[in-house]
Amino acid sequence: MSKHQLDYLDELEAEAIYILREVAGQFEKPALLFSGGKDSITLVRLAEKAFRPGKFPFPLVHIDTGHNFIETIEYRDAMIKRIGEKLIIGHVQDSINEGKVVEQKGKNASRNALQTVTLLDTIAKYQFDACIGGARRDEEKARAKERIFSVRDEFGQWDPKRQRPELWNIFNGKIHKGENVRVFPISNWTELDVWNYIRREKIELPSIYFAHKREVITRNGQLMGASPFLNMDDDDIIENRTVRFRTIGDMTCTAAVESYAYHIDDIIDEISASKISERGARMDDKVSEAAMEDRKKGGYF
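Each chain carries its own residue numbering, running from 1 in the written order of its sequence. Totals for whole chains, interfaces and linings use all residues, but because this is a predicted model, local features are given only for residues with pLDDT of at least 70 and pairs of side-chain atoms are given and counted only at 80 or more. As a rule here, side-chain values come from all non-hydrogen atoms in the structure, and water together with hydrogens is ignored.

Could you give an account of the sheet that holds strand 2 (residues 60-64), with specific residues and numbers?
In space, the 6 strands of this open sheet follow the order 3-2-1-4-6-5, with mixed pairing throughout. Edge positions in the sheet fall to strand 3 (87-91) and strand 5 (149-152), since each has one partner strand and no second. Shown here is a sheet whose adjacent strand axes are inclined to one another by a mean of 30°, direction ignored. At least two bridges found by DSSP between two strands are what make those strands a pair. Here a strand is any run of E in DSSP of at least two residues, a helix any run of H or I of at least four, and the numbering for each starts at the N terminus. With 2 bridges joining them, strand 1 (residues 30-33) and strand 2 adopt parallel strand pairing. Bridge pairing in strand 2 places Leu32 opposite Leu60. Here the axes come from fitting lines to C-alpha atoms, over the contacting stretch only for helices, and the angles between their N-to-C directions go from 0 to 180 degrees.

A description of the pattern of salt bridges should follow, citing residues and the corresponding values.
A pairing counts as a salt bridge when a side-chain nitrogen of Lys or Arg comes within 4 Å of a carboxyl oxygen of Asp or Glu. The full count for this structure, using the stated rule, is 25 salt bridges. Residue Asp10 pairs with Arg200 through a salt bridge whose shortest N-O separation is 2.6 Å. Of this pair, Asp10 sits in helix 1 (residues 3-26) while Arg200 sits in helix 6 (residues 191-201), and the two are 190 residues apart along the sequence. Among the ionic pairs, Arg45 bridges to Glu48, the shortest N-O distance being 3.3 Å. Of this pair, Arg45 and Glu48 both sit in helix 2 (residues 38-51), 3 residues apart, which is roughly one turn of that helix. For the residue pair Arg45 and Glu48, the accessibility class agrees, reading buried in each case. Here the salt bridges do not stand alone but share partners, grouping Asp10, Glu13, Arg45, Glu48, Lys49, Arg82, Arg200 and Glu201 into one network. Think of it in three bands: residues with accessible area under 20% of the maximum for their type are buried, residues over 50% are exposed, and the middle band is partly exposed, with areas taken using a 1.4 Å probe on protein chains only.

Tell me about helix 3 (residues 70-83), and name the residues and values.
Expected span of a helix: the number of residues minus one, times 1.5 Å. Along its 14 residues, helix 3 runs 20 Å from first to last C-alpha, staying within 8% of the 20 Å computed at 1.5 Å per residue. By definition, residues are in contact when any of their heavy atoms lie within 4.5 Å. On its buried side, helix 3 packs onto helix 2, strand 2, strand 3 and strand 7 (212-219). At the exit of helix 3 stands Gly84, carrying a positive phi of roughly 70°.

So what's going on with the sheet that holds strand 8 (residues 222-225)? Residues and values would help.
If you walk around this closed barrel you meet the 4 strands as 7-8-10-9, and the pairing is antiparallel. Shown here is a sheet whose adjacent strand axes are inclined to one another by a mean of 70°, direction ignored. Here strand 9 (residues 239-244) runs beside strand 10 (residues 255-258); their pairing, made up of 2 bridges, is antiparallel. Paired with Arg244 across the strands is Val257, a residue of strand 10.

Describe helix 5 (residues 115-126), listing the residues and the values that go with them.
Its 12 residues place the ends of helix 5 16 Å apart at the C-alpha level, agreeing with the 16 Å of an ideal helix rising 1.5 Å per residue. Among the residues of helix 5, Gln115, Thr116, Thr118, Leu119, Thr122 and Ile123 are the ones counted as buried. Down the axis, helix 5 shows its buried residues gathered within 165° of arc, on one side only. Turned more than 90 degrees from where helix 5 packs its buried face, Ala124 and Lys125 sit exposed. Looking at the buried residues of helix 5, the elements they touch are strand 1, strand 2, strand 3, helix 4 (92-97), strand 4 (130-132) and strand 6 (180-183). Directions drawn from the helix axis to the C-beta atoms are what define this arc.

Please provide a residue-by-residue account of the packing of helix 6 against helix 7 (residues 264-273), values included.
One can describe the packing of helix 6 onto helix 7 by two numbers: an axis separation of 10 Å at closest approach and a directional angle of 165°. Between helix 6 and helix 7, the angle falls in the class roughly antiparallel. Here helix 6 runs over helix 7; the crossing is left-handed. The segment helix 6 lies against helix 7, with Glu191, Leu192, Trp195, Asn196, Ile198 and Arg199 engaging Ile264, Asp265, Ile267, Ile268, Ile271 and Ser272. Class assignment for the residues of the contact of helix 6 with helix 7 results in 7 nonpolar, 2 polar and 3 charged. Geometric relationships in this document are graded by angle, where less than 35 degrees denotes roughly parallel, more than 145 denotes roughly antiparallel, 65 to 115 denotes roughly perpendicular, and other angles denote oblique. By definition, any crossing whose near helix is turned counterclockwise from its far helix by less than a right angle is left-handed, and any crossing with a clockwise turn is right-handed. Throughout, the ten residues Ala, Val, Leu, Ile, Met, Phe, Trp, Tyr, Cys and Pro are labelled nonpolar, Asp, Glu, Lys and Arg are labelled charged, and all others, Gly among them, are labelled polar.

What follows is the structure in structure tokens.
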């Protein structure tokens, strides 16, 4: 890694740590939303740098769809044991059982959209006034509209027209009762920045980020990990392919990519040459042109 790259990562790290400390200073009940993906894992490392040797001034919150990759759940549990921080889990299955959401039907059914209700209920239950997330502006056009401190109303909804100016790294966390702020400390990072930081910091990741053999089916032109959560039928042909996942979410909406990137250097080379964004492997973003923005307006992270 060149000195220029090192200096650039130092600048990104310093900005993210500053933002995390601003959250701790400005809010009474913040939380860090943890998905088990590389971006939220990076946030945990940044929080360690921001607050150690003390404890985090916030718990980690995972909204569990019940259809997660087992590798992600195993990583989450091992990480929590290692860092000794509090984990709160909101279960989408509870929202289904309580009749707050209805399980989707059909071949392309997914629980991904249902987690918004579970998230908003979890925020209300614990009265979180700030939720830290790993979204980045380069991921998707709706996320590019976000400020670092992004206000949500008392219903958890996002209005892109209510964005506050953020000049000279001054972040305004003032909110009315019932509102909350979504905070994105790595907004200015790219996918490649995250991977270079993971390599520099020697951060362990769930194994599915690296090339491995997996049973997959082809659905809507994407390679999906074979799973009963996919509502498979006789038309689905299972193949054994060498793949990896660029992004991790609900198994029903997260596609794999063919890859022989077994090591982190291989992944960085692969991403550098790719012309497709990592969100290109998320089926839920393909529902409509405004799919992500519509979900964000409703409370999705």
